[in-house]
Amino acid sequence: MLNLITLAAQLDVGTGLALIGAGLAVFTGFGSGLGEGNVAAHAMDAIGRNPEATNNIRSNMILGIALAETTGIYGFAIAILILIMVLF
Amino acid sequence: MDKIWDYIVNKMPGELIVSLLIMVLIAIVAIILGHAIKKADPTKPPKGLAFLADWLVEFSLNTLNNNLGDAYDFAAPYLIFLVTFIPMAFMAGLFGLASPMTYFTIPLCLALVSWLGIQISAIVFQKLDYLKGFTSPLPAWLPIFVPINMLSKLSPLLSLSIRMFGNALAGSILMWLIYWATDSLSSLIFNNFNIFGMIIAPPFHAYFDIFSTFIQTLIFVLLTMQLISIEIPAPVHKKIKTKKKEEKQGC
């Protein structure tokens, strides 16, 4: 922990702003989380209405969640890129 | 030859070595199983690993048939490879090895094979329409949208590879953070003995290594097949499926 504090004290303003940018990039997880929750909620609705189609709905739900997750992963990848560019 | 040997011994990243080891392991198991199954009595039910292999072949043929029709039966070995390689590569982190999925080359290569499968089947099924598709919303003599469409053809490659890479990397970074935190916490009590890590880490391993592994494998396989089935035009797809149904009724 002390190491991180001393590291932060040595950085200049531009680097700090870049790190804030990395934090903002990870914030895409907010939107993708909302989307994934929406997909799962509607899948539960569908299962409640039509329990025989559970298997079909489940595989489609996982596909939809994966597609919604993509944006979050992109944000994470960009944050990692910024961190690598700035700190190393 | 000396240079290659020097690279393998001194400079090769650990992730690549682990992935080669996994591939050698799969190859050895597959060869032994192949011999065992050839000699086995076909009238008796298979046992042990042979049963698993039998189930795997049947499962991959069934999923391919349900999603793409009979035309893709030749792709079953690739599906079996995905279903065995991706979980082992993800779970290498559990055994203290460097997980190959955190090295971008390996998910990129897996996604490249799937992407080539998508594009080649699009060319085979759509023929000239594939080239016309590049100018798609506008007529063929007005090629304004060609660069945008070329980028959109590349997007499955990026989304497939970055999804796996990002998930594996996020899992390994979070595990590293957990071990770091518990290590500094338990250094208040013991020297060099991570007692809090022993209690706190296992549930996180169960999520990031085991659960995430199965979800990612399922997603990769399902997405590959869905992306291929999008490229097959609807009439051809329908014809393949009805043919299959007729054959089933005939039996």
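Cut-off values and rules
Residues numbered from 1 in each chain as written. Chains lettered and ligands numbered in written order. Predicted model: local features only at pLDDT ≥ 70, side-chain atom pairs only at ≥ 80, totals over all residues. Heavy atoms only, no water. Helix = DSSP H or I, 4+ residues; strand = E, 2+ residues; numbered from the N terminus. Buried < 20%, exposed > 50% of the residue type's maximum accessible area, 1.4 Å probe, protein only. Contact = heavy atoms within 4.5 Å. Areas by Shrake-Rupley, 256 points an atom, 1.4 Å probe, with all protein chains shown as cover. Lys, Arg positive; Asp, Glu negative; His and termini not counted. Charge placed at Lys NZ, Arg CZ, Asp CG, Glu CD. Salt bridge = Lys/Arg side-chain N within 4 Å of Asp/Glu carboxyl O. Expected span 1.5 Å × (residues − 1). Arc of directions from axis to C-beta. Buried area = accessible area lost by both parts, 1.4 Å probe. Polar contact = N/O pair within 3.5 Å; in protein donor to acceptor, adjacent residues only side chain to side chain. Phe/Tyr/Trp six-rings, centres within 6.5 Å; stacked < 30°, edge-to-face > 60°.

**Student:** Help me out: how do you make sense of the overall build of chain B in this one?
**Tutor:** Of regular secondary structure, chain B possesses nine helices and zero strands. Its helices and strands taken in sequence order, chain B reads α-α-α-α-α-α-α-α-α from the N to the C terminus. Across its three principal axes, chain B shows a C-alpha extent of roughly 70 × 60 × 45 Å. Out of the 251 residues belonging to chain B, those deemed buried represent 35%. Partitioning the intrachain contacts of chain B with sequence separation of at least 6 by distance along the chain shows that 67% fall at a separation of at least 24. Element-wise, carbon and sulfur atoms account for 73% of the exposed surface of chain B, whose accessible area totals about 15,700 Å². Charge separation in chain B, taken as the distance between the mean sites of 17 positive and 14 negative side-chain charges, equals 9 Å.

**Student:** What is the right way to read the side chain of B:Glu15 from this model?
**Tutor:** Residue and element names in this part refer to chain B. Along the chain, the position of glutamate 15 falls in helix H2 (residues 14–39). Buried and unpaired, glutamate 15 has lysine 11 as its nearest opposite-charge partner, separated by 16 Å. Residues within four places of glutamate 15 in sequence aside, it is in contact with Ala98, Ser99, Pro100, Thr102, Tyr103 and Ile106.

**Student:** Sorry if this is basic, but what is going on with helix H2 (residues 13–26) of chain A here?
**Tutor:** For an α-helix, 3.6 residues make a turn, and residues three or four places apart therefore share a direction. Residue and element names in this part refer to chain A. Over its 14 residues, H2 extends 20 Å from the first C-alpha to the last, a length consistent with the 20 Å expected when each residue adds 1.5 Å. Burial in H2 covers these residues: Thr15, Ala22 and Ala25. Here the buried residues of H2 occupy an arc of 65° about the axis, which is enough to place them on one side. Opposite the packed face of H2, turned more than 90 degrees from it, sit the exposed residues Val13, Leu17, Ile20 and Leu24. On its buried side, H2 packs onto helix H3 (28–49) and helix H4 (54–87).

**Student:** Which parts of the structure should I look at to understand unusual backbone geometry?
**Tutor:** Most peptide bonds take the trans configuration, and most residues that are not glycine carry a negative phi. At B:Lys127, a position not held by glycine, the phi torsion is positive, near 50°. Positionally, B:Lys127 belongs in the loop between helix H5 (105–126) and helix H6 (128–132).

**Student:** Help me out: how do you make sense of the interface of chain B and chain A in this one?
**Tutor:** One frequent convention defines the size of an interface as the accessible area lost when the parts assemble. Across the boundary between the two partners, chain B contributes 16 residues, which contact 14 residues of chain A. A combined buried area of about 1,200 Å² lies between chain B and chain A, and 81% of that area is made up of carbon and sulfur atoms. By the criterion of area lost to chain A, the three top residues of chain B are B:Ile162, B:Arg163 and B:Trp180, representing 32% of everything that side buries. Between the two partners, chain B and chain A, sit zero salt bridges. Taken together, the connections running from chain B to chain A amount to two residue pairs in polar contact (both at pLDDT 80 or more).

**Student:** Got a minute to help me understand the packing of aromatic side chains in this structure?
**Tutor:** The geometry of an aromatic ring pair is captured by the separation of the ring centres together with the interplanar angle, meaning the angle of the planes. All names here are of chain B. Under the defined criterion, the tally for this structure stands at 11 aromatic pairs over all chains. Here tryptophan 176 and tryptophan 180 contribute two aromatic rings whose centre-to-centre distance is 6.1 Å and whose plane-to-plane angle is 5°, an arrangement assigned as stacked. Pair noted here: tryptophan 176 and tryptophan 180 are both in helix H7 (residues 146–186), with a separation of four residues, about one helical turn. Residue classification places tryptophan 180 among the partly exposed residues on the basis of a relative accessible area of 36%. Measuring from ring centre to ring centre gives 5.2 Å for tyrosine 207 and phenylalanine 208, while their planes differ by 80°; the resulting arrangement is edge-to-face. Classification of tyrosine 207 as partly exposed rests on a relative accessible area of 46%. By relative accessible area, phenylalanine 208 is classed as buried at 17%. Here the aromatic cluster, defined as three or more aromatic residues joined through ring pairs, consists of Phe204, Tyr207, Phe208 and Phe211.

**Student:** Would you take a moment to explain the pattern of salt bridges for this structure?
**Tutor:** Any two side chains of opposite charge can pair, given that their charged atoms come close. Residue and element names in this part refer to chain B. Inspection of every chain in the model, using the stated rule, returns one salt bridge over all chains. Note that aspartate 6 is salt-bridged to lysine 11, the shortest N-O span being 3.8 Å. Judged by its relative accessible area of 32%, aspartate 6 is partly exposed.

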